[in-house]
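# Structural overview
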Amino acid sequence: MRRYSRIAGTGSSLPPRRVTNDDLVAQLAQQGIETSDEWIVERTGIRSRHFAERDVASSDLALEASRRALEAAGRQPQDIDLIIVATSTPDMVFPSTACILQHKLGANGCPAFDVQAVCSGFVYALTVADAMIQSGAASRALVVGAEVFSRILDFKDRTTCVLFGDGAGAVVLEASETPGILASDLHADGSHVGILCVPGNVYGGQILGDPLLKMDGQAVFKLAVGLLDKAARATLDKAGLTDADVDWLIPHQANIRIMQSTARKLKLPMDKVVVTVDQHGNTSAASIPLALDHAVRAGQVKPGQTVLLEGVGGGFTWGAVLLKI
Ligand SMILES: CC(C)(COP(=O)(O)OP(=O)(O)OC[C@H]1O[C@@H](n2cnc3c(N)ncnc32)[C@H](O)[C@@H]1OP(=O)(O)O)[C@@H](O)C(=O)NCCC(=O)NCCS
């Protein structure tokens, strides 16, 4: 009998400090930088985001999200035999945030590693966990997206600092006789490294290069709109389904205009699209599992429904995962 993987529980976590557009307008004004709630809402759909305090790391947000996902799945940390954390804002250069999370959870012993695919990180991590479960290498995985992007933002650059936020989302993915994950489709094109990056690195105890986020917003926008549609169609084709079979689209929450454009291309009305970008901003690898958990807990996404997840981000990376919840 074929072995599948299935989501058994979801969880998420947001740092308590909510920063509205008006809060940011006031903060930037102190440095003589002009922006407005109207501009941010019109161009991005973002109204607020959450920022973690200085002493809160990605692993702390991941821990809270993981505990909630485990509780929803009716599982204990000891039941987990694989931990994958998708993050571009790890606690340390090494070890991985997944190892730090494992220790905080008290789930020691199982394999634990990070996946670095920026905003596509969660669809990458979920695809890897699904493959490991299908192969028999794991039976019950914790798959997490966790970020503290607020600490790599350049608050002198109004074109980027208004877009991102902090948070974490997690799922427990278990071996199952019924699907679960139906298909996935992942891609990367490293020729676009420069359009979205944090170019700094550590050299001899010093930071070499600029450790703050750089983005060519228009180039990212154009690429994202074209690529997401292709990945979604390829994933549906692999599963032998069409856009009419999709109950919910949960896209990476970067910009409402990118989400609207993708939905239009897939002929999905916006009431089939889970939207949290207005409240969370772009939380990179955390955005999809955060949105999924919010939709599950709000009773929007229901057991048995077909859900299409789509990620796109730095690298350039992109991909989609189709699943039955
Ligand atoms: C960043 C983004 C919102 C900018 O929107 P845009 O419509 O492309 O805007 P432009 O870059 O053309 O800038 C238009 C004007 O707004 C200004 N502007 C930029 N940021 C601003 C801000 N926060 N507040 C006010 N004005 C701003 C620009 O300086 C420019 O002014 P000018 O015309 O006088 O030169 C948009 O390109 C985008 O969403 N890109 C994708 C980003 C993304 O999703 N990244 C993550 C992918 S994982």
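Residues numbered from 1 in each chain as written. Predicted model: local features only at pLDDT ≥ 70, side-chain atom pairs only at ≥ 80, totals over all residues. Heavy atoms only, no water.

## Description of the domain arrangement of the protein
Domain annotation of the protein identifies domain 1 (4-178) and domain 2 (182-324). With centres defined by C-alpha atoms, the gap from domain 1 to domain 2 works out at 14 Å. Each side of the interface is counted separately: domain 1 has 51 residues, and domain 2 has 46 residues. Roughly 3500 Å² is buried in total at the junction of domain 1 and domain 2, and carbon and sulfur atoms are behind 62% of that figure. Three residues, Cys 119, Val 123 and Tyr 124, lead the burial of domain 1 against domain 2; their summed loss comes to 17% of the area buried on that side. Between the two partners, domain 1 and domain 2, sit zero salt bridges. For the side of domain 1 that touches domain 2, the elements supplying multiple residues, two or more each, are β1 (4-13), α2 (37-44), β3 (48-50), α3 (58-73), α5 (121-135), β6 (140-148), α6 (158-161) and β7 (166-176). Grouping the constituent residues of the side of domain 1 that touches domain 2 by class yields 22 nonpolar, 18 polar and 11 charged. (Domains from an automatic or database assignment. Contact = heavy atoms within 4.5 Å. Buried area = accessible area lost by both parts, 1.4 Å probe. Salt bridge = Lys/Arg side-chain N within 4 Å of Asp/Glu carboxyl O. Helix = DSSP H or I, 4+ residues; strand = E, 2+ residues; numbered from the N terminus. Nonpolar A, V, L, I, M, F, W, Y, C, P; charged D, E, K, R; others polar.)

## Some words on the packing of helix α7 (residues 217-239) against helix α8 (residues 256-265)
Contact geometry for α7 and α8: axes closest at 9 Å, N-to-C directions at 35°. Viewed along their axes, α7 and α8 form a crossing whose handedness is right-handed. Contacts between α7 and α8 involve Phe 221, Ala 224, Val 225, Gly 226, Leu 228, Asp 229 and Arg 233 on the former and, on the latter, Arg 257, Ile 258, Ser 261, Thr 262 and Lys 265. (Axes fitted to C-alpha atoms, helices over the stretch in contact; angles between N-to-C directions. Left-handed = near helix turned anticlockwise from the far one by under 90°.)

## Some words on the sheet that holds β6
Ordered by their spatial adjacency, five strands build an open sheet running β1-β7-β6-β4-β5, and the pairing between neighbours is mixed. Of all strands in the sheet, those with a lone pairing partner are β1 and β5 (112-115), marking the two edges. In this sheet, adjacent strand axes meet at a mean angle of 20° when their direction is disregarded. As paired elements, β1 and β7 share nine bridges and run antiparallel to each other. When the bridges of β7 are listed, Ser 13 appears paired with Ala 168. On the sheet, helix α10 (residues 287-297) packs against β1, β6 and β7 and is oriented at approximately 90° with respect to β1. (Pairing = 2+ DSSP bridges.)

## Remarks on unusual backbone geometry
Following Phe 94, the chain continues into Pro 95 via a peptide bond in cis, with omega recorded as 0°. Relative to the helices and strands, Pro 95 is located in the loop between β4 (82-86) and α4 (97-105). Between Gly 315 and the following residue, Phe 316, the backbone shows a cis peptide bond with an omega angle of 0°. With respect to the element layout, Phe 316 can be found in the loop between β14 (306-313) and β15 (317-324). Non-glycine residue Lys 267 carries a positive phi angle of around 55°. Take Lys 267: it is sitting in the loop between α8 and α9 (277-280). The backbone phi angle of Ser 284 is positive, close to 50°, even though this residue is not glycine. Locating Ser 284 in the fold gives a position in the loop between α9 and α10. By relative accessible area, which is 1% here, Ser 284 ends up buried. (Buried < 20%, exposed > 50% of the residue type's maximum accessible area, 1.4 Å probe, protein only.)

## A word on the site of the ligand
Within the structure, the ligand sits among 21 residues, and Thr 35, Arg 43, Arg 158, Gln 218 and Asn 255 are positioned closest to it. In the environment of the ligand, a nitrogen atom lies 2.8 Å from a nitrogen or oxygen atom belonging to the backbone of Arg 158. For the ligand, a nitrogen atom lies 2.9 Å from a polar atom in the backbone of Gly 217. With respect to the pocket detection grid, the ligand is positioned in the second largest pocket. When residues of the shell around the ligand are traced back to their parent elements, those giving at least two are α2, α6, α7, α8 and β14. Counting residues per element, the shell around the ligand draws most heavily on α7, which supplies four residues. When its residues are assigned to classes, the shell around the ligand shows nine nonpolar, nine polar and three charged. Per-domain counts for the shell around the ligand show at least three residues from each of domain 1 (4-178) and domain 2 (182-324). (Near = heavy atom within 4 Å. Polar contact = N/O pair within 3.5 Å; in protein donor to acceptor, adjacent residues only side chain to side chain. 1 Å grid on protein atoms, 1.4 Å probe; cavity = no way out; pocket = protein on both sides within 12 Å on 5 of 7 lines; lining within 4 Å. Sits in = over half its atoms within 2 Å of the grid points.)

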